Amino acid sequence: MVEAVLVDLFSLPANLQNNIQESLCNTLETIEKCSSICAPFVYVMCCQRQGSERKGEQEFLLPALGGFQSLERTLEVVFAPTTAAALYTIKQRLDEKDLSIIKVILPTLRKDSMKVYIDYLFTAVYQFEFEDLQMVSDCENIQISEPQGEGQTLLSQDIALIRSEIEMHLESLPSLKGELTILRSSLIPDDIFLHGFTTRTGGISYIPTLSSCNLFSSFKRRDPQVVVKENLRRLAKAAGFNPEAFHRVKVDHANAVCIMGKTEPDSYDGIVTDQKGVTLAAPGADCIPVLFADPVRKACGAAHSGWKGTLLGVSMATVNAMVSAYGCNVKDILVVLGPSVGPCCYKLPYESAKEFHRIDPKCVRLFDSATPYIDIRRATRILLERGGVLPENIQDDSITDQNQNITFCTACHPDKFYSHFRDGTNFGTQIGFISIRD
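Residues numbered from 1 in each chain as written. Predicted model: local features only at pLDDT ≥ 70, side-chain atom pairs only at ≥ 80, totals over all residues. Heavy atoms only, no water.

S.K.: Is there a simple way to explain the packing of aromatic side chains in this structure?
M.R.: Two descriptors summarise a pair of aromatic rings, namely the distance from one centre to the other and the angle between the planes of the rings. Counting across every chain of the model gives eight aromatic pairs. Centre to centre, the rings of Phe 241 and Phe 433 are 5.3 Å apart; their planes meet at 50°, and the pair counts as tilted. Of this pair, Phe 241 sits in the loop between α6 (225–239) and β9 (246–248) while Phe 433 sits in strand β19 (residues 430–436), and the two are 192 residues apart along the sequence. What makes Phe 241 buried here is its relative accessible area of 8%. Relative accessible area serves as the criterion here: at 0%, Phe 433 is assigned to the buried category. Look at Tyr 350 and Phe 367: their rings are 5.1 Å apart centre to centre, the planes differ by 35°, and that puts the pair in the tilted class. With a gap of 17 residues between them, Tyr 350 in helix α9 (residues 350–359) and Phe 367 in the loop between β16 (364–365) and β17 (373–374) connect regions that are remote in the sequence. On the basis of relative accessibility, which here comes to 29%, the residue Tyr 350 falls in the partly exposed class. Among the aromatic side chains, those forming a connected cluster through ring pairs are Phe 122, Tyr 126 and Phe 128. In this structure, Arg 221 is placed above the aromatic ring of Phe 427, and the distance from its NZ or CZ to the ring centre is 4.0 Å. (Phe/Tyr/Trp six-rings, centres within 6.5 Å; stacked < 30°, edge-to-face > 60°. Helix = DSSP H or I, 4+ residues; strand = E, 2+ residues; numbered from the N terminus. Buried < 20%, exposed > 50% of the residue type's maximum accessible area, 1.4 Å probe, protein only. Lys NZ or Arg CZ within 6 Å of the ring centre and 35° of its normal.)

S.K.: Can you help me understand the pairing of strand β13 (residues 288–294) in this one?
M.R.: Along any regular strand, the residues point their side chains to alternate faces of the sheet. The buried fraction of β13 is high, at seven of seven residues. Here β13 runs beside strand β14 (residues 299–305); their pairing, made up of seven bridges, is antiparallel. Across the sheet, Phe 292 pairs through a bridge with Gly 301, a residue of β14. Taking the residues that link successive antiparallel strands as the turn, the β13-β14 hairpin has four residues, and the phi of Lys 298 there is positive, at about 55°. Pairing of β13 with strand β15 (residues 334–337), which is carried by four bridges, proceeds in the antiparallel orientation. By the bridge assignment, Ala 293 is partnered in β15 with Leu 334. (Pairing = 2+ DSSP bridges.)

S.K.: I would appreciate a short explanation of the nonpolar core in the present structure.
M.R.: Side chains of nonpolar character tend, in soluble globular proteins, to be buried together. Counting 38 residues, the largest nonpolar core has Phe 292, Val 319, Met 322, Val 335, Phe 356, Ile 374 and Val 389 as the members making the most contacts within it. Those elements that place two or more of their residues in this core are β10 (257–259), β13, β14, α8 (314–326), β15, α9 and α10 (376–386). Ranked by residues supplied to this core, first place goes to α8 with seven residues. Sequence-distant contacts of Met 322, defined by excluding residues within four places in its chain, comprise Val 272, Phe 292, Ala 293, Asp 294, Ala 299, Cys 300, Gly 301, Gly 327, Cys 328 and Ile 333. With 36 residues, the next largest nonpolar core counts Cys 47, Ala 80, Ala 84 and Ile 162 among its residues. (Core = buried A, V, L, I, M, F, W, Y, C linked by side-chain atoms within 4.5 Å. Contact = heavy atoms within 4.5 Å.)

This is the structure in structure tokens:
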């Protein structure tokens, strides 16, 4: 069942006003009458022109909508200077209403380019079907028919122009939820390393659970990769790193570690380097983003440590990779645990909780319950100390000076952090990042 209809009049010539008005009226009439295209929400996409031309276009288009009583509450005309701006505005309307199945009615020659816009601005959460809008030369009527072909194949430069138009529009958008904020550790020397942990403020992601500096995209979520890329661009500008030399772990919830410059595994939860200017990152939305720094050998690393990775020892595996690859001394390595779900909120089934109890009974609260509370941070510290990392070289929520605490509970602070545990499947993601200064 189609949930929304998008009528694309963006590319129709402005001087053919009667043509456009006739096109719109006939299209809406068909939507209103034809059950196969019936939808509760209709969006008409038009080019926003300058000065009197813009005013004239709106004056003749908007009155044409008055006769469609059944669509009165669900019909919206979106004027914008570019296709990217118009389509992104419509995406916001769809997301506000949680709509995912969309029929697009558009001129045949617009179909291939529209598909490129959609590929960039939408994810696999959405389903699109296309209907051709064909206008006859006498401008007396329009015909809606099933597509006969795929039109002309776009050239690579055309696709590049579309991508550039989208990126320029996203760059122009204001930051949401305040300024971009980066948490930094006092343990990692600032003259050698550039590092930090992000919060959820200062990006452009607008969906409530993703707002606003979401730094991860997937086919299950409504934030497309181009939005995440823009959030990352803003972070890189604020933090001072090169987003083109940015490498994040490929999460597998295990303990594999990638050594930069060697064969990259298909998936890994730890990554290390001794290359200057290369930024490493690990995501977290309850799982712990862990940063590693050796100021003696000038090497660094990042790891993603969820409950499975914690039990598998991913943090110590990252330390060991630095030792083996760069000759680091384990006693020189500094480790900082970033924002993550705390034992105040995080529960696991009893069978999984038993594994943490074996590490240390203090890692589990209410052990005899069906779902005990788990302290994955304490377990991480214990395993690191057992591996030879000095206690004073680990920064987490157990530090004496709580003014230096950056290991906040993600679930307890919805204004500052994303949380899978709290927000469900369409959750946003923050990161920990680190690089060696040039």
